[in-house]
Amino acid sequence: MRTHDVASIAIIGAGISGLTCATELARQSFSVMVFDKARGPGGRMSTRRVPELGAGIGFDHGAQYFTARSSELLTRVDQWFKAGVVRPWDGRLAALGPEGVEPSGREIERFVGTPGMNAVCRHLASEIDLRLGVQVEQIIRNARGWTLVDSEGAHHGPHDFLICSAPAPQTAKLLEREAPEIATRAAAVRMQPCWAVLAAFPDALSVPFDGCFINEGPLSWAARSSAKPGRKASPDRWVLHAGPIWSAQHLEDASAQVAERLLEAFFQVSKSEPHAPAWLTAHRWRYALAENALDEGFAFDPRLRVGACGDWANGNRVEGAFLSGLELAREVALVGSAFNEDLERRKKA
Ligand SMILES: Cc1cc2nc3c(=O)[nH]c(=O)nc-3n(C[C@H](O)[C@H](O)[C@H](O)COP(=O)(O)OP(=O)(O)OC[C@H]3O[C@@H](n4cnc5c(N)ncnc54)[C@H](O)[C@@H]3O)c2cc1C
């Protein structure tokens, strides 16, 4: 017995790709349900809230900013700006290397979510049916459609279409049995880890930049999270990212040890006076960026009615992920419309 008169679509992952795909399909009146294992939407565009530092105090510990070159994303950025969830970020950027601090070009317009990077995904999530805290462990396909089985053993479905927007290795594992062709494509993508350090200081660090690309030692990036638009300026809050090689070599190290080590490396490379942080932690991103992202846009099998999207399928980064979700939604909508017409015909027969 069907519960919907239109195609029902299950999407795994509430990052920017899954939510873009979901909102696009929901606006076309498909029945969409999104599942994510996390406590909030955002994926790698998340914001870590730290109530012990004060109400509304957070760190952008994943994506730091995004750029928009495509007309599709520029149009969305305009809408998100009007909704108050995006602002341009005109921070002072620098490059740090053996030569010291050099200013870095501002020729590219950079955007951040406000009041945190996760604001864009929260905004998108408000339009759809999102089930949080659901870790999908198994996927079952039978004549009735696609059913998701979570880590508690609960079944979600059946749904007519399935879309997976998890990072490549997780997509490969989830689709291995029921959609091996897509799983094989995802399995070919290697994803690099990233250790992120989050540090808060009672007194602002005296450095001549708000963000910097680092070309020496274990770090690759550092930014003053508290200087981005729409954030509380105090306490002074920094996010440091280790490069992929160092992160892979230290992937299983204890987070407290990683935090101390990378903070020390930051003071050294920025030639700033070491300060004791009021709060310090480290977050391990096991799948941060694809080393060999595909340029296919997305993967879709119209016969099985299953697809996959994400940055790994479309050249990496927020914009790649956004376009991947959007393009997959257009493809699914075409097949979904034919599916709906078929449902209508059968209902009348
Ligand atoms: C440290 C770091 C720095 C970055 N810096 C930048 C930057 O400055 N600019 C930029 O453009 N990009 C940056 N990126 C990349 C950018 O964050 C990603 O390209 C983009 O956010 C990916 O979106 P996505 O939807 O493809 O995947 P994700 O955001 O990873 O979303 C996938 C979602 O799937 C969920 N999921 C996975 N498995 C399951 C499961 N089994 N069951 C349920 N849910 C599941 C996850 O919880 C997650 O929410 C950075 C990434 C990291 C980690």
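Above this text you will find the structure in question.
Keep in mind the model is a prediction, meaning the values are calculated, not measured.

A. Structural detail: the site of the ligand. By nearness alone, 36 residues border the ligand, and Ser-17, Asp-36, Arg-44, Tyr-65 and Asp-311 come closest of all. Here Gln-64 contributes a backbone N or O atom positioned 3.2 Å from an oxygen atom of the ligand. Protein contact buries 94% of the 1000 Å² of open area that the ligand shows by itself. Of all the elements in the fold, those that place two or more residues in the shell around the ligand are helix 1 (16-27), strand 2 (31-36), helix 4 (168-175), strand 18 (279-290) and helix 8 (317-348). Residues that form the shell around the ligand fall into these classes: 18 nonpolar, 13 polar and five charged. Mapping the shell around the ligand onto the domain boundaries places at least three of its residues in each of domain 1 (1-40 + 118-189 + 294-349) and domain 2 (54-117 + 191-291).

B. Just the pattern of salt bridges, in detail. Throughout the structure, instances matching the rule amount to 19 salt bridges. Between Asp-60 and Lys-228 there is a salt bridge; the shortest N-O distance is 3.1 Å. Pair noted here: Asp-60 is in the loop between strand 4 (58-59) and helix 2 (71-82) and Lys-228 is in the loop between strand 16 (219-224) and strand 17 (236-242), with a separation of 168 residues, a long-range link. With respect to burial, Asp-60 and Lys-228 carry one shared label: buried. Arg-286 is paired through a salt bridge with Glu-252; the nearest N and O atoms lie 3.2 Å apart. Linking Arg-286 in strand 18 with Glu-252 in the loop between helix 6 (244-249) and helix 7 (255-269), this pair joins segments that are 34 residues apart in sequence. Given a relative accessible area of 57%, Glu-252 falls into the exposed group. When salt bridges that share partners are traced, they join Glu-24, Arg-27, Arg-76 and Glu-127 into one network.

C. Quick peek at the sheet that holds strand 11 (residues 145-150). Overall, antiparallel pairing links the three strands, which are arranged 10-11-12 in an open sheet. For this open sheet the edge positions go to strand 10 (136-142) and strand 12 (155-159), each flanked by a neighbour on one side alone. Strand-to-strand twist across the sheet, computed as the mean angle between neighbouring axes with direction ignored, equals 15 degrees. Relative to strand 11, strand 10 runs antiparallel, the two being bridged by six bridges. Directly across from Gln-138, in strand 11, lies its bridge partner Val-149.

D. Up close: helix 2. Look at helix 2: 17 Å from first C-alpha to last across twelve residues, which is about the 16 Å you get at 1.5 Å a residue. Taken residue by residue, helix 2 has Leu-73, Arg-76, Val-77 and Trp-80 as its buried positions. Across the axial projection of helix 2, the buried residues extend over an arc of 105 degrees, all falling on one side. Seen from the buried face of helix 2, the exposed residues on the opposite side, beyond 90 degrees, are Ser-71 and Lys-82. Tucked inside the fold, the buried residues of helix 2 contact helix 1, strand 5 (86-88), strand 8 (111-113), helix 3 (119-125) and helix 8. One or two residues past the end of helix 2 sits Gly-84, with phi positive at roughly 80 degrees.

E. Structural detail: the pairing of strand 14 (residues 191-201). Burial analysis of strand 14 places ten of its eleven residues in the buried class, the great majority of the element. One ladder, built from six bridges, connects strand 14 with strand 17; its direction is antiparallel. Bridged to Ala-200 within strand 17 is Arg-237.

Reading the values: rules and limits
- Residues numbered from 1 in each chain as written.
- Predicted model: local features only at pLDDT ≥ 70, side-chain atom pairs only at ≥ 80, totals over all residues.
- Heavy atoms only, no water.
- Near = heavy atom within 4 Å.
- Polar contact = N/O pair within 3.5 Å; in protein donor to acceptor, adjacent residues only side chain to side chain.
- Areas by Shrake-Rupley, 256 points an atom, 1.4 Å probe, with all protein chains shown as cover.
- Helix = DSSP H or I, 4+ residues; strand = E, 2+ residues; numbered from the N terminus.
- Nonpolar A, V, L, I, M, F, W, Y, C, P; charged D, E, K, R; others polar.
- Domains from an automatic or database assignment.
- Salt bridge = Lys/Arg side-chain N within 4 Å of Asp/Glu carboxyl O.
- Buried < 20%, exposed > 50% of the residue type's maximum accessible area, 1.4 Å probe, protein only.
- Pairing = 2+ DSSP bridges.
- Axes fitted to C-alpha atoms, helices over the stretch in contact; angles between N-to-C directions.
- Expected span 1.5 Å × (residues − 1).
- Arc of directions from axis to C-beta.
- Contact = heavy atoms within 4.5 Å.

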